[in-house]
Amino acid sequence: MSHALPPHKPFELTPERLKEYVVQYATNPIYLDNEEWENDDNPYRRQLRPQVLPYLDFSRVLPRSEILHYEGLAAQRILAAIYESDLMFLPKAGLKDKWDDFKQYYSPSNRALGEIIRPSLEKFAFGFLDQEVEVSGKWTKAELETYLRALEDRDLTQPTLSEIAIEKSTDPVRAAKTWLIQFAPDFLSEASPMLRNVLGYYGPAQSEWFKIIIDEYGYGVHKTKHSHLFERTLESVGLRSDVHHYWQYYLNSSLMVNNYFHYLGKNHELFFRYIGALYYTETALVDFCRRAAELLTKVFGPDVDVEYFTEHIGIDVHHGRMALEKLILPLVEEHGEVIIPEIVRGFEEFQIISDIADRDFADQIAWMDSGPANKELHAPVWEAISSGRVTPPVANIVEPYRELSNTHCHDGDELCHIVSGTMKFVAGFESHQILEAGEGTVINRNRLHGAIIESEECVYEIHSVGDYRACLS
Amino acid sequence: MPVVTFAVEGRDNCVAIGGSAYVYARTEHGSFVLSANCPHRGGPLNLAEFEPGRSRLVCPWHDRAASVTKAIKAGVPAVRHGDRVTAVLPDHDGAGYTLEHRPMSGALARC
Ligand code: FES
Ligand SMILES: [Fe+2]
Ligand SMILES: [Fe+2]
Ligand SMILES: [Fe+2]
């Protein structure tokens, strides 16, 4: 007697179920708002602002033009929390009072919920790359090699927008610290996404892949492990090196850069994209690290520890070459031209993401630097609103002493107007303005910020002006 | 084989190299690098339209038709990234290239 099998149905979540699971995931106590700006040696605490999640729609592909909107930031924060539950983290000063958080973060419930929502969030956050990168024509190994080697002729010595922003900043030390903070999610668990491709069996390429990891892990000598070199960089400029200490100061795109490699490493069907992206990043890092070491020394003086960067100048020459000659070309030889479009995609996609991150960071530095100017802009914009010349939607808010709005961003410009009390408006790391009754600030779209109330109570209004320039006349 | 990056549309949307010219075509059947010169008598394929109801591009000069599915699969290897394209072009005896503008027909400029 035979039993008819039901037809196979791929896993899919309806938008309603997705929202339900996202909220269920993020209401875990370890993901609730923090009462402080920084996490204190607790790698399990990641502020996901679950209170806002019921209003967000992750059941679509976020277009390129909206990639820095709040929904993008929210998705990248959740994805970072999900990916990293595959990684092992322990607090520097011992588990002690963090035992419950440790159990929560690695709990079957947290991991299962994360896995259920991960594919949808990945599609939401990285789906735009399907539109951005398109491979066509007949690629053979020879053309691929020519195309990839053309990177060697590209001038990668020019400073990025981020580096220019730091140099030109009104506060280069703060800007450079903010820069180092953006690298922390990646560098403190450096090469962890890569290790996702160490498991399994896939022939000689696997051992070549592993050789790169051996360098990243400092040959088993802790003080040469790349992540440890970076801890020393952080500490040498007075920054903390505990994992996700500065979670609230990570930009959307900094998380995106880091999550991209987890996304490729977690989904093994994207293995070939990974090797394309790996080739680009290892090759480009050589010049990048040379410039970074110089810039950091210029900004902080000779006491900054830049060995992390100088080490990479030396070793990534090899890693770029190894990625091409020991991974990419032998794999094409072995598996044929079918894998080439994926390699090309990874190579291009990571450049697009790096570009987004470069601009996002430069914009954030400009935003932090214009704190005083944005405070002054309150007056003319408020005049346009109070005179009735413009009538944007308004939210009236009352908050008690020490209420901390965890960092976030808005999709359009806003005007914050203080009716009574005192607010400390925070535009980024070590960057704030004190706003008293009658004062306020323009808040630029997509710019990370938060606030804390410094009086018994604070009554304030948020006017969603869209584009503040339209209020000036 | 020169690796050339050029614009998807507008200024610099054409690579001229050793008597050949290449543009990036975005059609309802897919996108690909198109040789702008018709193999017949050099007609402007950048101005070609589709044969009604078929995926064949028709040269505006003497109506020779060619399949685009073939051009997508077997054509010049290329990748579009945002509004730029990078192509690995066939060798033209070491000739240098210049970027210029060519107008595109409606059928070849669908986003
Ligand atoms: S030139 Fe194209 S058909 Fe004659
Ligand atoms: Fe490294
Ligand atoms: Fe490396
Ligand atoms: Fe806000």
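Because the structure is predicted, anything quoted here is derived from the model rather than measured. (Residues numbered from 1 in each chain as written. Chains lettered and ligands numbered in written order. Predicted model: local features only at pLDDT ≥ 70, side-chain atom pairs only at ≥ 80, totals over all residues. Heavy atoms only, no water.)

K.L.:
Quick one: what's the story with the coordination of the iron ion (ligand 3), residue by residue and with numbers?
P.N.:
Residue and element names in this part refer to chain A. Every protein donor of the iron ion (ligand 3) is listed here as E216 (OE), E282 (OE), D316 (OD) and H319 (ND1), and their distances to the metal cover 2.2 to 2.4 Å. Coordination geometry of the iron ion (ligand 3): the four donor atoms subtend angles of 70 to 155° at the metal centre, consistent with an arrangement described as irregular. In primary-sequence terms, the residues that donate to the iron ion (ligand 3) follow E-x65-E-x33-D-x2-H. Between the two metal centres, the iron ion (ligand 3) and the iron ion (ligand 2), the spacing is 4.0 Å, with E216 acting as a shared donor. With E282 in helix α13 (residues 271-300) and D316 in helix α14 (residues 307-335), the pair connects residues that are 34 residues apart, well separated along the chain. (Donors = N, O, S within 2.8 Å, 3.2 Å for Na, K, Ca; no water. Tetrahedral: all angles 85-135°; square planar, octahedral: opposite > 155°, others 65-115°. Helix = DSSP H or I, 4+ residues; strand = E, 2+ residues; numbered from the N terminus.)

K.L.:
Help me get a handle on the layout of surface pockets, residues and values and all.
P.N.:
All names here are of chain A. Empty space within the second largest pocket amounts to approximately 650 Å³. Lining the second largest pocket are 32 residues, with R49, S405, H408, H410 and Y460 sitting closest to its centre. Of all the elements in the fold, those that place two or more residues in the lining of the second largest pocket are β2 (394-400), β3 (404-408), β4 (413-420), β5 (422-428), β8 (449-453) and β9 (457-466). Residue composition of the lining of the second largest pocket, grouped by class: 16 nonpolar, nine polar and seven charged. A domain split of the lining of the second largest pocket shows at least three residues from each of domain 1 (15-126) and domain 3 (371-471). (1 Å grid on protein atoms, 1.4 Å probe; cavity = no way out; pocket = protein on both sides within 12 Å on 5 of 7 lines; lining within 4 Å. Points joined across faces, edges and corners; volume = space filled by probe spheres on them. Nonpolar A, V, L, I, M, F, W, Y, C, P; charged D, E, K, R; others polar. Domains from an automatic or database assignment.)

K.L.:
How would you summarise the coordination of the iron ion (ligand 2) if you had to cite specific residues and measurements?
P.N.:
Residue and element names in this part refer to chain A. Summarising the metal site, the iron ion (ligand 2) is bound by the protein donors E190 (OE), E216 (OE), H226 (ND1) and H312 (NE2), whose distances to it range over 1.9 to 2.2 Å. Classification of the site at the iron ion (ligand 2) rests on its four donor atoms, whose angles at the metal span 86 to 167°, yielding the label irregular. For the iron ion (ligand 2), the donor residues sit on a single chain with the sequence spacing E-x25-E-x9-H-x85-H.

K.L.:
Quick rundown of unusual backbone geometry? Include the residues and the values.
P.N.:
Phi is positive for R49 of chain A, close to 50°, though the residue is something other than glycine. For R49 of chain A, the position within the fold is in the loop between α1 (15-26) and α2 (70-84).

K.L.:
Describe the nonpolar core, with residues and values.
P.N.:
F58 and F309 of chain A are the most contacted members of the largest nonpolar core, which has 152 residues in total. A total of 19 residues in this core trace back to one element, the largest contributor, which is α13 of chain A. With sequence-adjacent residues up to four places away left out, F58 of chain A is seen in contact with L18, V22, L53, E71, A74, A75, I78, S120, L121 and F124 of chain A. One finds A21, A25, F50 and L108 of chain B within the second-largest nonpolar core, a separate group that totals 17 residues. (Core = buried A, V, L, I, M, F, W, Y, C linked by side-chain atoms within 4.5 Å. Buried < 20%, exposed > 50% of the residue type's maximum accessible area, 1.4 Å probe, protein only. Contact = heavy atoms within 4.5 Å.)

Keep in mind these numbers describe shape, not what the thing actually does.
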